[in-house]
Amino acid sequence: MRARVLLFVTVLVLAVVLMACGGASAPSAASSELIPATISANGDATAGMTVFSNQGCPTCHNVTTEQLVGPGLAAVMTVAGPVHANGVDYSGKLPNGNARTEENVADWIRVGGQGKIGVMSAHEVSDTDMANLLAYLRTLKP
(Lines give C-alpha, C1' and ligand atoms only; values in the text may rest on other atoms or scores of the structure.)
Protein backbone atom coordinates (compact mmCIF):
# COMPACT_ATOMS: atom_id res chain seq x y z
CA MET A 1 0.00 0.00 0.00
CA ARG A 2 2.82 2.38 0.90
CA ALA A 3 4.46 1.73 -2.49
CA ARG A 4 1.25 2.73 -4.31
CA VAL A 5 0.96 5.95 -2.34
CA LEU A 6 4.62 6.74 -3.03
CA LEU A 7 4.12 6.04 -6.74
CA PHE A 8 1.01 8.24 -6.84
CA VAL A 9 2.79 11.12 -5.10
CA THR A 10 5.81 10.75 -7.42
CA VAL A 11 3.61 10.87 -10.54
CA LEU A 12 1.69 13.84 -9.16
CA VAL A 13 4.89 15.77 -8.38
CA LEU A 14 6.30 14.94 -11.82
CA ALA A 15 3.13 16.20 -13.50
CA VAL A 16 3.28 19.48 -11.57
CA VAL A 17 6.97 19.94 -12.44
CA LEU A 18 6.31 19.27 -16.15
CA MET A 19 3.47 21.78 -16.22
CA ALA A 20 5.62 24.40 -14.50
CA CYS A 21 8.42 23.83 -17.05
CA GLY A 22 6.09 24.02 -20.02
CA GLY A 23 5.92 20.28 -20.71
CA ALA A 24 2.13 20.38 -20.62
CA SER A 25 1.25 23.96 -21.36
CA ALA A 26 -2.09 25.55 -22.03
CA PRO A 27 -2.73 27.20 -25.41
CA SER A 28 -0.90 30.49 -25.79
CA ALA A 29 -2.88 33.63 -25.03
CA ALA A 30 -1.54 35.08 -28.28
CA SER A 31 -3.30 32.35 -30.25
CA SER A 32 -6.71 33.80 -29.39
CA GLU A 33 -5.59 37.43 -29.44
CA LEU A 34 -7.35 39.43 -32.14
CA ILE A 35 -5.25 41.10 -34.81
CA PRO A 36 -5.38 44.92 -34.54
CA ALA A 37 -8.55 46.53 -35.86
CA THR A 38 -7.75 48.97 -38.63
CA ILE A 39 -10.26 48.59 -41.47
CA SER A 40 -12.96 47.17 -39.18
CA ALA A 41 -12.62 49.96 -36.59
CA ASN A 42 -15.63 51.75 -38.11
CA GLY A 43 -17.37 48.60 -39.31
CA ASP A 44 -20.73 47.24 -38.22
CA ALA A 45 -20.68 43.51 -37.43
CA THR A 46 -24.44 43.14 -37.97
CA ALA A 47 -24.17 44.68 -41.44
CA GLY A 48 -21.09 42.50 -41.99
CA MET A 49 -23.17 39.36 -41.43
CA THR A 50 -25.35 40.49 -44.34
CA VAL A 51 -22.27 41.13 -46.50
CA PHE A 52 -21.03 37.64 -45.59
CA SER A 53 -24.29 36.13 -46.84
CA ASN A 54 -24.67 38.38 -49.90
CA GLN A 55 -21.11 37.65 -51.06
CA GLY A 56 -21.88 33.92 -50.97
CA CYS A 57 -19.30 33.17 -48.28
CA PRO A 58 -21.46 30.47 -46.59
CA THR A 59 -21.26 28.43 -49.79
CA CYS A 60 -17.63 27.61 -48.98
CA HIS A 61 -17.09 28.68 -45.37
CA ASN A 62 -18.62 27.77 -42.04
CA VAL A 63 -18.54 30.30 -39.21
CA THR A 64 -17.34 27.53 -36.89
CA THR A 65 -14.12 25.49 -37.03
CA GLU A 66 -15.79 22.96 -39.36
CA GLN A 67 -14.40 22.89 -42.89
CA LEU A 68 -16.69 23.00 -45.91
CA VAL A 69 -15.04 23.64 -49.29
CA GLY A 70 -12.83 26.19 -47.52
CA PRO A 71 -11.80 26.36 -43.88
CA GLY A 72 -14.13 27.23 -41.04
CA LEU A 73 -13.65 30.91 -40.24
CA ALA A 74 -13.86 30.82 -36.44
CA ALA A 75 -10.80 32.71 -35.16
CA VAL A 76 -9.87 33.93 -38.66
CA MET A 77 -9.14 37.38 -37.20
CA THR A 78 -6.83 36.13 -34.46
CA VAL A 79 -3.05 36.16 -34.46
CA ALA A 80 -2.91 32.36 -34.83
CA GLY A 81 -5.72 32.22 -37.36
CA PRO A 82 -8.43 29.59 -37.77
CA VAL A 83 -8.09 25.88 -37.07
CA HIS A 84 -7.56 23.99 -40.31
CA ALA A 85 -8.36 20.37 -41.07
CA ASN A 86 -5.92 17.60 -41.89
CA GLY A 87 -2.90 19.19 -40.24
CA VAL A 88 -2.82 22.26 -42.49
CA ASP A 89 -0.85 24.92 -40.63
CA TYR A 90 -0.09 28.37 -41.99
CA SER A 91 1.82 29.33 -38.80
CA GLY A 92 -0.42 32.34 -38.20
CA LYS A 93 -0.02 33.66 -41.75
CA LEU A 94 -2.50 33.79 -44.59
CA PRO A 95 -2.41 31.05 -47.25
CA ASN A 96 -0.41 33.38 -49.54
CA GLY A 97 2.28 33.71 -46.84
CA ASN A 98 1.41 37.30 -45.92
CA ALA A 99 1.19 38.39 -42.30
CA ARG A 100 -2.26 38.18 -40.71
CA THR A 101 -3.44 41.83 -40.73
CA GLU A 102 -6.82 43.28 -41.63
CA GLU A 103 -5.32 44.85 -44.75
CA ASN A 104 -3.94 41.50 -45.90
CA VAL A 105 -7.18 39.65 -45.05
CA ALA A 106 -9.09 42.24 -47.11
CA ASP A 107 -6.64 41.78 -49.98
CA TRP A 108 -7.00 37.97 -49.77
CA ILE A 109 -10.79 38.34 -49.97
CA ARG A 110 -10.60 40.73 -52.92
CA VAL A 111 -7.85 38.96 -54.89
CA GLY A 112 -8.19 35.35 -53.76
CA GLY A 113 -5.53 32.77 -54.41
CA GLN A 114 -4.37 29.21 -53.94
CA GLY A 115 -4.06 27.73 -50.47
CA LYS A 116 -3.24 24.25 -49.18
CA ILE A 117 -6.96 23.53 -48.82
CA GLY A 118 -8.09 24.89 -52.18
CA VAL A 119 -8.67 28.03 -54.21
CA MET A 120 -10.23 31.18 -52.79
CA SER A 121 -12.05 33.04 -55.55
CA ALA A 122 -11.82 36.82 -55.79
CA HIS A 123 -14.71 38.93 -54.45
CA GLU A 124 -15.55 42.50 -55.34
CA VAL A 125 -16.27 44.23 -52.03
CA SER A 126 -16.63 47.99 -51.44
CA ASP A 127 -14.58 49.62 -48.69
CA THR A 128 -17.67 50.07 -46.50
CA ASP A 129 -18.77 46.47 -46.98
CA MET A 130 -15.22 45.27 -46.27
CA ALA A 131 -15.13 47.21 -42.97
CA ASN A 132 -18.45 45.63 -42.02
CA LEU A 133 -17.38 42.15 -43.15
CA LEU A 134 -14.14 42.29 -41.16
CA ALA A 135 -16.06 43.56 -38.11
CA TYR A 136 -18.31 40.50 -38.44
CA LEU A 137 -15.38 38.11 -38.92
CA ARG A 138 -13.88 39.49 -35.67
CA THR A 139 -16.94 38.10 -33.82
CA LEU A 140 -16.32 34.49 -34.93
CA LYS A 141 -14.88 32.61 -31.97
CA PRO A 142 -13.65 29.00 -31.94
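Quick note: structure is the one above.
Everything numeric in this text was worked out from a predicted model, so none of it was measured.

Draft legend 1. Local environment of the packing of aromatic side chains. By the definition in use, this model includes 1 aromatic pair. Consider the rings of Phe 52 and Tyr 136, whose centres lie 5.5 Å apart with planes at 55°: the pair is tilted. With Phe 52 in helix 2 (residues 45–54) and Tyr 136 in helix 4 (residues 127–137), this residue pair connects regions lying 84 residues apart in the sequence. Here Phe 52 and Tyr 136 have matching classes, each one buried.

Draft legend 2. Structural view of the nonpolar core. Grouped together as the largest cluster of nonpolar side chains are 20 residues, with contacts concentrated most on Phe 52, Met 77, Ile 109, Met 130, Leu 133, Leu 134 and Leu 137. Looking at this core, the elements that each hand over two or more residues are helix 2, helix 3 (102–111) and helix 4. Examining the composition of this core, we find that 5 residues originate from one element, helix 4, more than from any other.

Draft legend 3. View of the packing of helix 2 against helix 4. For the pair helix 2 and helix 4, the least separation of the axes is 7 Å and the interaxial angle reads 100°. Taken together, the axes of helix 2 and helix 4 lie roughly perpendicular to each other. In this structure, helix 2 contributes Ala 45, Ala 47, Gly 48, Met 49, Val 51 and Phe 52 to the contact, and helix 4 contributes Asp 129, Asn 132, Leu 133, Ala 135, Tyr 136 and Leu 137. Considered class by class, the residues forming the contact of helix 2 with helix 4 number 9 nonpolar, 2 polar and 1 charged.

Draft legend 4. Summary view of the packing of helix 3 against helix 4. Contact geometry for helix 3 and helix 4: axes closest at 11 Å, N-to-C directions at 115°. As summarised for this structure, helix 3 and helix 4 are arranged roughly perpendicular, according to the angle between their axes. When you trace helix 3 past helix 4, the crossing you get is right-handed. On helix 4, the residues touching Glu 102, Val 105, Ala 106, Ile 109 and Arg 110 of helix 3 are Asp 127, Met 130, Leu 133, Leu 134 and Leu 137. A breakdown of the residues in the contact of helix 3 with helix 4 according to their chemical character gives 7 nonpolar, no polar and 3 charged.

Cut-off values and rules
Residues numbered from 1 in each chain as written. Predicted model: local features only at pLDDT ≥ 70, side-chain atom pairs only at ≥ 80, totals over all residues. Heavy atoms only, no water. Phe/Tyr/Trp six-rings, centres within 6.5 Å; stacked < 30°, edge-to-face > 60°. Helix = DSSP H or I, 4+ residues; strand = E, 2+ residues; numbered from the N terminus. Buried < 20%, exposed > 50% of the residue type's maximum accessible area, 1.4 Å probe, protein only. Core = buried A, V, L, I, M, F, W, Y, C linked by side-chain atoms within 4.5 Å. Axes fitted to C-alpha atoms, helices over the stretch in contact; angles between N-to-C directions. Parallel < 35°, antiparallel > 145°, perpendicular 65-115°, else oblique. Contact = heavy atoms within 4.5 Å. Nonpolar A, V, L, I, M, F, W, Y, C, P; charged D, E, K, R; others polar. Left-handed = near helix turned anticlockwise from the far one by under 90°.

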